[in-house]
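Results of the structural survey
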Amino acid sequence: MSRFTLTRREFVKGCCGAAVVGAAGSILTFSEEASAATNPYDTVVHLFLRGGMDGLNLVVPIAGDDRGFYEQARPDLSIPISGTYAALPLTLAGGAATGFGLHPSATGLHDLWNSGHLGIVHAAGLATSVTRSHFDAQLSIDLGTPGKFGTGSGWMTRAWDSRPAITPAAALPALGIGTTQPAGMLGSTAALTMGSAGDFRLNAGAYAWQERRADSPAGFRGLNETLSELWSGRTGLQLSGQRADASLRLIAQQGYGSPPAGWPGGTFAQQLWTIAQSIRFNLGLRYATLDLGGWDTHEGQGTAGSGYHYYQNKIAELSSALQAFFNELNAGGEMARVTVVVQSEFGRRVRANANGGTDHGYGNPLLVLGGPVNGRRFYGNWPGLNPETLSPTFGDVPVTTDYRRVISEILIQRMGNANLSQVFPGYAGYAPLGIVQGSDLAAAAPALPLAMPALQTAPETPRGSAGDREVPDWQRRGRIERFIPRREH
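My aim in this report is to walk through the structure given alongside it, one point at a time. Values in this document were obtained by computation on a predicted structure and should not be read as measured data.

A few words on the environment of tyrosine 85. Relative to the helices and strands, tyrosine 85 resides in the loop between helix 2 (64–73) and strand 3 (88–91). By relative accessible area, tyrosine 85 is classed as partly exposed at 40%. Linking tyrosine 85 and proline 104, residues 19 residues apart in sequence, is a C-alpha distance of 5.9 Å. Not counting residues within four places of it along the chain, the set of residues in contact with tyrosine 85 comprises Ile79, Pro80, Pro104, Ala304 and Gly305.

Shown next as structure tokens:
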């Protein structure tokens, strides 16, 4: 029997490796090794509004029959069309009315619309999988495989891995802003995840030992300066340590700083500023993702200017931060190659519930903004709010545009990646909507006409007093692949 021995140097390596993992936990994921790279290609920023954003109170019907149906369904939640808190009308470039407006708190988004840099896709979402579970819907979108959860990678991971062969190397090809690796970047060894640039450092243990500082003794070398020498081998731990050290040094060398004067406050705006700087540092960033949560409003949702103002504050937070992000990068010329996709896992019910809120729905507007966007237009097919039209989907706005169709167009026309069969396995509904500028390419996946799934017309299970409901039996056992009863979360 051979005897296991451990040298002092190997022991120190192991302890430092444990310290790295223990200090950073799930926050620290790794980018590829830094290389001198520039990024002449576009960047896609995916913003996920988690919780089921109420699209009917963000993009508001303000005219015609739909306005009447909207007011009947939401007598206490509808956004007015006149007065101080009226919806902001959305007109086409020629001045023609669209019949829709934005929530009055969305002034920044309204400015982007009027400048031609915001397009809205009506009734978008999961076209082939119907669920009222936040977890299932979010994971379906993040993985890019609606109704199927066995894949080991997210859609952004596969988008980068299937990139054209001529794509230059990138020091930071994918960036997730958060405390854990985003599911859209699951399975990636190229993506880096961090909550903020200022916190992306090893700072465990005694303060004086962490790194060399101005008041350190002569010749002192802290943990951060010493680690890189320890990751010299080829074991799994040492290779991971090398990549972690490279990621830490990459971020430390970039000079991330505070937002400019006038930048909105709050965590979400700060996270957008981190992405803006990462684009500006020209590290080859192609894909970035972040979340804005808090959209699940089953009660006390409020409206504009009266009652509980939660929703108008959330919309103001979203709108002002996106406008600041656009204006900053537009001033520097970078916005010409940046496209932002804003979506939620599903919309809310058309009809308000008894508790002054809205329950989980289905179709929802999807926003696309940026320099390459053909804005000031609506895309997709708006089904209207006539209760008879909505009855096959139990009173929900149906999904008439698969969200993958929108992202596929951006991948093809902005990223030059036509490998849709790899990015979105099983998807066969691509046809360009015309929402972004660029040249269309033949998709690797068969391009079949997009069609809504035929939903069975079984009666809905009655809701309880809180507006909640169980998922009907037809959903759990029908043709849709996976359903579980909805829980509160």
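Given 3.6 residues per helical turn, the α-helix brings residues three or four places apart onto the same face. Between its first and last C-alpha, helix 9 (residues 267–280) extends 20 Å over 14 residues, near the 20 Å set by a 1.5 Å rise per residue. With respect to burial, helix 9 is a largely interior element, eleven of its 14 residues being buried. The set of residues buried in helix 9 consists of Phe268, Ala269, Gln271, Leu272, Trp273, Thr274, Ile275, Ala276, Gln277, Ser278 and Ile279. Packing partners of the buried residues in helix 9 comprise strand 1 (43–50), strand 6 (174–177), strand 7 (191–194), strand 8 (287–293), helix 10 (310–332) and strand 9 (338–344). Note on helix 9: the residue one or two positions beyond its end, asparagine 282, has a positive phi of about 60°.

Moving on: the environment of alanine 190. Tracing the backbone shows alanine 190 in the loop between strand 6 and strand 7. Since its relative accessible area comes to 4%, alanine 190 is described here as buried. Through-space distance from the C-alpha of alanine 190 to that of threonine 157 is 8.2 Å; in sequence the pair is 33 residues apart.

Most of strand 5 (residues 118–125) sits out of view: eight of its eight residues are buried. Looking at chain direction, strand 5 and strand 10 (residues 364–370) are connected through five bridges and run antiparallel. In the strand pairing of strand 10, alanine 124 is matched with asparagine 364. As defined by bridge partners, strand 5 adjoins strand 11 (residues 377–379) across three bridges and the pair is classed as parallel. Considered in strand 11, the bridge of valine 121 is made with tyrosine 379. Bridge count for strand 5 against strand 12 (residues 401–402) is two bridges, and the pairing is parallel. Within strand 12, the residue paired with glycine 125 across the bridge is aspartate 402.

About the cut-offs
- Residues numbered from 1 in each chain as written.
- Predicted model: local features only at pLDDT ≥ 70, side-chain atom pairs only at ≥ 80, totals over all residues.
- Heavy atoms only, no water.
- Helix = DSSP H or I, 4+ residues; strand = E, 2+ residues; numbered from the N terminus.
- Buried < 20%, exposed > 50% of the residue type's maximum accessible area, 1.4 Å probe, protein only.
- Contact = heavy atoms within 4.5 Å.
- Expected span 1.5 Å × (residues − 1).
- Pairing = 2+ DSSP bridges.

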